[in-house]
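Each chain, letter by letter, is given below.
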Amino acid sequence: MYLPPKDRLDQLYQEAETHQLGQQLKREHPPQTIWDIRGYPALFTSYSISVIGQWFDSIALMVLFAYIWQSSPIYLGLIPVALALPQVIFSQFVTSLVKRFQKIRLMAFADCLTACFTIGLFFSPTPWLALILLSLRSTANVVHFPIQQSLVRELVPEHLRLKAVSWNGLVSQGAKIIVPFLGGLFLTVLTPQTLLLLNAAAFLISAAILFSIQHLISPAFMTTPTAFSRTSFFEEWKSGWLALFTHPLLLSLVSLSLIGLFCIQFVDSQFPILFRELAPTNPQHLTLVISAIGFGAVTIITIFNRLKKLTHLLFWISTSLALIALSFIGFSQIQAHHPIILLLVIGFICGIGTGLSITTLNYAIQTIPRDEEVANIASISQSLTSLVVIVAPPTGAVLTQAVGVQTMFALSGIVLIICLSLPALLKGKKKRLSSQKKRINYDNSSL
């Protein structure tokens, strides 16, 4: 209906007041749960579907390389390299893409590319072509973690961020427990290549969900090209590292987390060797311990999910690494005659340490840096983590060959404890030097 200019102007003023009132009410009544946040349930669903699909994909790749193609150990060793190397090379440049394109749309396109490369894996006739496609798929998927961290920071209020982080951890660790069993059941009636198609379908569904919620996310959260487009990749890379070093607590947490991950990766691939020596006729012991580790992680993350805020982050990250160290030392002392319940208890303790470490670091990335720094720091963390995944396993394999698997578990645990003790020792030494300096100054002044 046509309105005269004066009436139309009054209508516009009324609409503006109504909009301002709605925004004020939204600020006065923040969401009580993360499921009340506009667009977040769909975003979480997209993440969950893609995580479950990735675990089906991992099972399919292991069976495909080891049983169908009868690949050599060299090919099997190149799989983590093909997955992690693109993360090392490209992760720290993701921030430039994040600041140039809409985040939701960028994740959706990445999911579409991931699905296409996964379908290519389905038709791959040789391991070499499969490794190339894995590298391309990992390159397409490199944007996910930084964008996800950035979106959680922007969408989720501070009092709900711990719940958001813990829910993501629950999905990741829960899938680690459930999907391998489901994958094993599917493999009794399906081919490994069919599991690859399940992963491709999961990413296509994830992309469809992301495309569908573009209009639900406020435009303020959908980054558009701005002055950032004139910033070079090198300047973005440098600003990310500067942001990390301007937050000493976050730098300490990332450093401790990387040390812990390095020690874990030293022996993670040697678990089959350990249990082959302990229980050569009972391979199910390995799967039970892996499940116990997953249950430990899920248990501690569930407890954290009930909290509103996490404080004393250095204490929690140190506790997590201490628990992992103790579990490694425990595994090094296990003998063939020990009961399976002891193995499960040690695995459960290891899982608690793992869950603590994951939750604490992700929560720190969400809360310590400024809003515009989250994607940068998440990219750096992803790049360094992938570098550890490439370097540590072959190094651990060589050392295990030299000293034995149980000795290697003990060494990894001892190194972790030493690394945890160094900050306390340095702090104590610094305090003693400070007190000595004060005493010398007092003595000189009294003269």
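Everything discussed here concerns the structure shown above.
Residues numbered from 1 in each chain as written. Predicted model: local features only at pLDDT ≥ 70, side-chain atom pairs only at ≥ 80, totals over all residues. Heavy atoms only, no water.

When you look at the packing of helix H5 (residues 103-122) against helix H7 (residues 144-155) in this model, what are you seeing that I'm missing?
Two numbers describe a pair of packed helices, the interaxial angle and the distance between the axes. One way to put it is that H5 packs onto H7 with a least axis distance of 10 Å and a crossing angle of 150°. In terms of their interaxial angle, H5 and H7 are classed as roughly antiparallel. Regarding H5 and H7, the two cross each other, and that crossing is left-handed. Mapping the contact onto sequence places Lys103, Ile104, Leu106, Met107, Ala110 and Asp111 in H5 and His144, Ile147, Ser150, Leu151 and Glu154 in H7. For the contact of H5 with H7, a count of residues per class yields six nonpolar, two polar and three charged. (Axes fitted to C-alpha atoms, helices over the stretch in contact; angles between N-to-C directions. Helix = DSSP H or I, 4+ residues; strand = E, 2+ residues; numbered from the N terminus. Parallel < 35°, antiparallel > 145°, perpendicular 65-115°, else oblique. Left-handed = near helix turned anticlockwise from the far one by under 90°. Contact = heavy atoms within 4.5 Å. Nonpolar A, V, L, I, M, F, W, Y, C, P; charged D, E, K, R; others polar.)

How should I be thinking about the pattern of salt bridges in this particular structure?
When charged atoms on two side chains of opposite charge get close, those side chains can pair. Throughout the structure, instances matching the rule amount to five salt bridges. A salt bridge links Asp57 to Arg137; the shortest N-O distance between them is 2.7 Å. With Asp57 in helix H2 (residues 40-68) and Arg137 in helix H6 (residues 127-140), the pair connects residues that are 80 residues apart, well separated along the chain. Three or more residues are tied together by salt bridges with common partners; here these are Arg370, Glu372 and Glu373. (Salt bridge = Lys/Arg side-chain N within 4 Å of Asp/Glu carboxyl O.)

Explanation requested: the side chain of Ser320 in the structure shown.
Take Ser320: it is sitting in helix H14 (residues 313-333). Apart from the residues within four sequence positions on either side, Ser320 is in contact with Gly353, Leu356 and Ser357.

Would you take a moment to explain unusual backbone geometry for this structure?
Comment: phi is negative for the bulk of residues other than glycine, and the bulk of peptide bonds are trans. Here His312, not a glycine, exhibits a phi torsion of approximately 55°, which is positive. Mapping His312 onto the fold places it in the loop between helix H13 (284-305) and H14. The exposure class of His312 is exposed, given its relative accessible area of 62%. (Buried < 20%, exposed > 50% of the residue type's maximum accessible area, 1.4 Å probe, protein only.)

Mind showing me how you'd approach helix H12 (residues 271-278) here?
One turn of an α-helix holds 3.6 residues; hence residues three or four places apart share an orientation. Of all the residues in H12, the buried ones are Phe271, Leu274, Phe275 and Leu278. Projected down its long axis, H12 carries its buried residues within an arc of 90°, all on one side. Across H12 from its buried face, at more than 90 degrees, point the exposed residues Arg276 and Glu277. (Arc of directions from axis to C-beta.)

Whenever I open this one, the packing of aromatic side chains confuses me. Can you help?
Working definition: an aromatic ring pair is given by the centre-to-centre distance plus the angle between the planes. Taken as a whole and judged by the stated rule, the model has 14 aromatic pairs. Residues Tyr40 and Phe44 carry aromatic rings whose centres are separated by 6.5 Å and whose planes lie at 25° to one another, so their mutual orientation is stacked. Here Tyr40 and its partner Phe44 are both found in helix H2, four residues apart, which amounts to about one turn of the helix. On the accessibility criterion, Phe44 (12% relative accessible area) is buried. (Phe/Tyr/Trp six-rings, centres within 6.5 Å; stacked < 30°, edge-to-face > 60°.)

In this structure, what is going on with the environment of Leu83? I would like to understand it.
Relative to the helices and strands, Leu83 resides in helix H3 (residues 73-90). What makes Leu83 partly exposed here is its relative accessible area of 33%. Note: C-alpha distance between Leu83 and Leu136 (53 residues apart in sequence) is 8.8 Å. Setting aside anything within four residues of it in sequence, one finds Leu83 in contact with Leu134 and Ser138.

Looking at this structure, I do not really get H2. What am I missing?
Compared with the 42 Å implied by 1.5 Å per residue over 29 residues, the 41 Å span of H2 between its first and last C-alpha is a close match. At the C-terminal side of H2, Gln70 shows a positive phi close to 50°. (Expected span 1.5 Å × (residues − 1).)

For this particular structure, what's the right way to read the nonpolar core?
Nonpolar side chains in soluble globular proteins tend to be buried together. Formed by 54 residues in total, the largest nonpolar core has its most connected members in Leu250, Leu274, Phe275, Phe328, Phe331, Ile365 and Phe409. Per-element accounting of this core gives the leading share, nine residues, to helix H11 (residues 248-268). Not counting the four nearest positions on each side in its chain, Phe328 is found in contact with Cys263, Ile264, Val267, Cys350, Phe409, Ala410, Ser412 and Gly413. (Core = buried A, V, L, I, M, F, W, Y, C linked by side-chain atoms within 4.5 Å.)

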